[in-house]
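As a plain string of letters, each chain reads:
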Amino acid sequence: MPWNKQKNTIKESKGDRIFLTANILFLSIVMLVVLYPLIFIVSSSFSSTAAVTSGKVWLFPVEPSLAGYKAIFRNNQILYGYANSIFYTVVGTAVNIIFTIMAAFPLSRKDLYGKNLIMFLFTFTMLFSGGLVPFYMVVSKLGMLDKRIVLILPTALAVFQVIIARTFFQISIPEELAEAAEIDGCDDFGFLIKIVIPLSGPIIAVIGLMYAVNNWNTYFNALIFLKSTKLFPLQMVLRNILIQNSFDPNMVKDPVSMMETQGLRDLLKYALIVVASVPVLSIYPFVQKFFVKGMLIGSIKG
Amino acid sequence: MHGTAALTASHRKKVWKKIKRHWQYYLLLLPPLLFLLIFHYIPMTGLVMAFKKFSIHKGILGSPWAGLKYFRQFFSSPLCWILIRNTIGISLYTLIAGFPLPILLALGVNELKGEKFKKSVQMITYAPYFISTVVMVSIVMQMLHPRTGLLNIMITALGGEAINFMGEASMFKSIYVWSGIWQYTGYSAILYIAALAGIDPTLYEAAKMDGVSRLKRIIYIDIPGIIPTIIILLILNVGNLMNIGFEKIFLMQNDLNLVSSEIISTYIYKVGLRHAQFSFSTAIGFFNSIINFTLLVTVNRLARKYSEVSLW
């Protein structure tokens, strides 16, 4: 952004200097407000039970301990949930990406006959829906209840992502490229696989990431469609422990005093919040640049 | 007459040729279209349940018609107005409090000169977006816990009395809205930051030459430059007014705050799936969808009329 690299010839006026200082102050406060709860949670999770229950933790861990984390990794439900979530995220995201490209590529081509009608069929589903009960009945009629596939197929495609991918294809794959490929004897499949997909790394990464975050984070479909606890994704397990408070620390520890039981429960919650968020948060700094760029490309009106 | 028939015939031939030449496009589109049919369009036909006295044994087609019975049942129940008030109240609160903040953040970030500080602000404010709804709600609950929550520890340390935040119906909406703002402001700011980066730099050069202050540059260059983005996002937000965060509200609900936390979608879930009143629940869902649709179409039309920016 060239206008930010000011030359020395034009000096900031007094008003501008006040403005800039106020701006930096404002943004620092915003950063602190966002950051503080996160730091507090991480520090609490590494503190001792007693320090957490008596409210001694303010910024750094007090009487450092790994008790919360030890309890987590001794709980089978959490470990199963983790494994299930990894499965649902990997398989679900792969299906999502394939479906999205299959829809977005033809819709980005000028020579698709009936394009407007097909596009309308897609966008209309963003505006209007049959609602929860009819959706549930379709899924149950298909015999998908309480099977792994129920967390993958009914959410195979998000129209919003199709629009983003389609816009990207329209902008970044020039018409001449398609013509040249056709002259070289390439059919539409060949063009998609040999030319379009290799050129679309950034957008595939972006929609893949958005889908992956969604797959990792949802719980509602699991709540209504799954009964067997061994199929539960992590978020469902977390819901039961963190929100419904249905965790029994006695399952992981020898009988302990009431005070300690309650304290361990709180400590475990902090540790669990950290453990559940680490996978998604840790990939994000690496892909952030990608993410922002891809969103921009996709959101430019096509 | 003969001429037009020949014309349509040749037109049809041309179209057919076009389709045949790119048959692979249609093959690619087949699975996504099947997906839409099965999981979106077939459920829409299920809306007919709202007008029938549905029984599982007779199926949708075999069940007798009920007319507007279930709509009447909904509108005459005292709960109806509480649900509508809560739904609209929470969405409007979210919109009014949450919509301007990302714009403010983006304008602030755009004025920064140091790349490092700029990156940190963006990265930190953006991070909470990745926290899942379940974890987010449990963070809120831990922070507001009556005994061990950070906020109450502060209050009691200052000599005040601990508050059971999650049990206070009057506080529910604020807790919901402001925790959402904490989570999503950084994420929402991205589009505005991008739009700001796309503004013609010569405008700034000219303004600087004329000695226009930074604040005025924001008012006369930045804000007009991002108006189209603002309008598009406003339309999208208004269109989703009735679709507010079901997942999060559902998790935050408890018996004590239900008066102000029960919204149309959580009620649909309870009546429809937990108590198996399929027709009644579908009727409420239908009502909700229609309002949503009408809002989106209206706002889009208004936007097109007054600003030449619209979704379609």
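Residues numbered from 1 in each chain as written. Chains lettered and ligands numbered in written order. Predicted model: local features only at pLDDT ≥ 70, side-chain atom pairs only at ≥ 80, totals over all residues. Heavy atoms only, no water.

Describing the overall build of chain B
Summing up its helical and strand segments, chain B has 16 helices and zero strands in all. In terms of C-alpha radius of gyration, chain B reaches 26 Å, well past the compact-globule figure of 20 Å for 312 residues. By its C-alpha atoms, chain B is 80 × 60 × 35 Å across when sized along the principal axes. Within chain B, the proportion of its 312 residues that are buried is 49%. For chain B, restricting intrachain contacts to residue pairs at least 6 apart in sequence, the fraction spanning at least 24 positions comes to 63%. Surface exposure of chain B reaches about 15500 Å², of which carbon and sulfur atoms provide 69%. Averaging the locations of the 29 positively and 12 negatively charged side chains of chain B gives two centres separated by 18 Å. (Helix = DSSP H or I, 4+ residues; strand = E, 2+ residues; numbered from the N terminus. Rg over C-alpha atoms; globule rule 2.2 N^0.38 Å. Buried < 20%, exposed > 50% of the residue type's maximum accessible area, 1.4 Å probe, protein only. Contact = heavy atoms within 4.5 Å. Areas by Shrake-Rupley, 256 points an atom, 1.4 Å probe, with all protein chains shown as cover. Lys, Arg positive; Asp, Glu negative; His and termini not counted. Charge placed at Lys NZ, Arg CZ, Asp CG, Glu CD.)

Side note on unusual backbone geometry
One non-glycine residue, Asp146(A), adopts positive backbone phi at about 55 degrees. In this structure, Ala276(B) is a non-glycine residue whose phi angle is positive, near 55 degrees. Relative to the elements of secondary structure, Ala276(B) occurs in the loop between α15 (264-274) and α16 (278-307).

Brief notes about the interface of chain A and chain B
Contact with chain A, which involves 98 residues of that partner, is made by 99 residues of chain B. With both sides pooled, the region where chain A packs onto chain B buries about 9600 Å², and carbon together with sulfur makes up 75% of that total. Linking chain A to chain B there are two salt bridges. Salt-bridge contacts for Asp16(A) lead to Arg217(B); the nearest nitrogen and oxygen are separated by 3.8 Å. Across the chain A-chain B interface, the total number found is 17 residue pairs in polar contact (both at pLDDT 80 or more). The greatest single-element share of the side of chain A that touches chain B, amounting to 18 residues, is contributed by helix α1 (residues 14-45) of chain A. In the side of chain A that touches chain B, the residues fall into 71 nonpolar, 16 polar and eleven charged. (Buried area = accessible area lost by both parts, 1.4 Å probe. Salt bridge = Lys/Arg side-chain N within 4 Å of Asp/Glu carboxyl O. Polar contact = N/O pair within 3.5 Å; in protein donor to acceptor, adjacent residues only side chain to side chain. Nonpolar A, V, L, I, M, F, W, Y, C, P; charged D, E, K, R; others polar.)

Some remarks on helix α6 (residues 132-141) of chain A
Most of α6(A) is tucked away: eight of the ten residues are buried. Here α6(A) has its buried residues at Leu132(A), Val133(A), Pro134(A), Phe135(A), Tyr136(A), Met137(A), Val138(A) and Val139(A). On its buried face, α6(A) is in contact with α11 (220-225) of chain A together with α2 (23-45), α15 and α16 of chain B. Gly143(A) occupies a position one or two residues after α6(A) and carries a positive phi of about 70 degrees.

Concerning the packing of helix α4 (residues 76-108) of chain A against helix α7 (residues 159-172) of chain A
Residue and element names in this part refer to chain A. At their nearest, the axes of α4 and α7 sit 8 Å apart, and the two run at 45 degrees to each other. If you check the angle between α4 and α7, you find them oblique. Handedness of the α4/α7 crossing: right-handed. In contact with Thr-100, Ala-103, Ala-104, Phe-105, Leu-107 and Ser-108 of α4, α7 contributes Gln-161, Val-162, Ala-165, Arg-166, Phe-169 and Gln-170. Each residue belonging to the contact of α4 with α7 can be placed in one class, and the counts come to seven nonpolar, four polar and one charged. (Axes fitted to C-alpha atoms, helices over the stretch in contact; angles between N-to-C directions. Parallel < 35°, antiparallel > 145°, perpendicular 65-115°, else oblique. Left-handed = near helix turned anticlockwise from the far one by under 90°.)

Some details on the confidence of the model for chain A
Summing up the model confidence of chain A, the mean pLDDT is 82 and the portion of residues at 70 or higher is 86%. Predicted confidence is poor over residues 5-9 of chain A, with pLDDT under 50, and the contacts of this stretch with residues over four places away or in other chains come to four contacts. (pLDDT = per-residue confidence, 0-100.)

Re the confidence of the model for chain B
Residue and element names in this part refer to chain B. Confidence in the prediction for chain B averages 86 pLDDT; 94% of positions are at 70 or higher. Mean pLDDT across the secondary structure elements of chain B bottoms out at helix α1 (residues 2-21), with 76, and peaks at α2, with 94. Under the prediction, the complex receives an ipTM of 0.83, its pTM being 0.85.

Brief notes about the packing of aromatic side chains
Enumeration over the complete set of coordinates arrives at 39 aromatic pairs over all chains. Measuring from ring centre to ring centre gives 6.0 Å for Phe40(A) and Tyr270(A), while their planes differ by 85 degrees; the resulting arrangement is edge-to-face. Separated by 230 residues along the polypeptide, Phe40(A) in helix α1 and Tyr270(A) in helix α13 (residues 258-299) bring together distant segments of the chain. A ring pair is formed by Phe124(A) and Phe293(B), whose centres lie 6.1 Å apart and whose planes are at 70 degrees; its orientation type is edge-to-face. Highlighted residues: Phe124(A) in helix α5 (residues 115-127) and Phe293(B) in helix α16, drawn from two different chains. Among the aromatic side chains, those forming a connected cluster through ring pairs are Phe120(A), Phe124(A), Phe128(A), Phe51(B), Phe71(B), Phe286(B) and Phe293(B). One cation-aromatic arrangement involves Arg148(A) over Phe87(A); the distance from NZ or CZ to the ring centre is 5.2 Å. The positively charged end of Lys248(B) is found above the aromatic ring belonging to Tyr176(B), 4.6 Å away from the centroid. (Phe/Tyr/Trp six-rings, centres within 6.5 Å; stacked < 30°, edge-to-face > 60°. Lys NZ or Arg CZ within 6 Å of the ring centre and 35° of its normal.)

Concerning α4(A)
The terminal C-alpha atoms of α4(A), which comprises 33 residues, lie 47 Å apart, in line with the 48 Å expected from a rise of 1.5 Å per residue. In this structure Asn75(A) caps α4(A), since a side-chain oxygen of it lies 2.8 Å from the backbone nitrogen of Gln77(A). (Expected span 1.5 Å × (residues − 1).)

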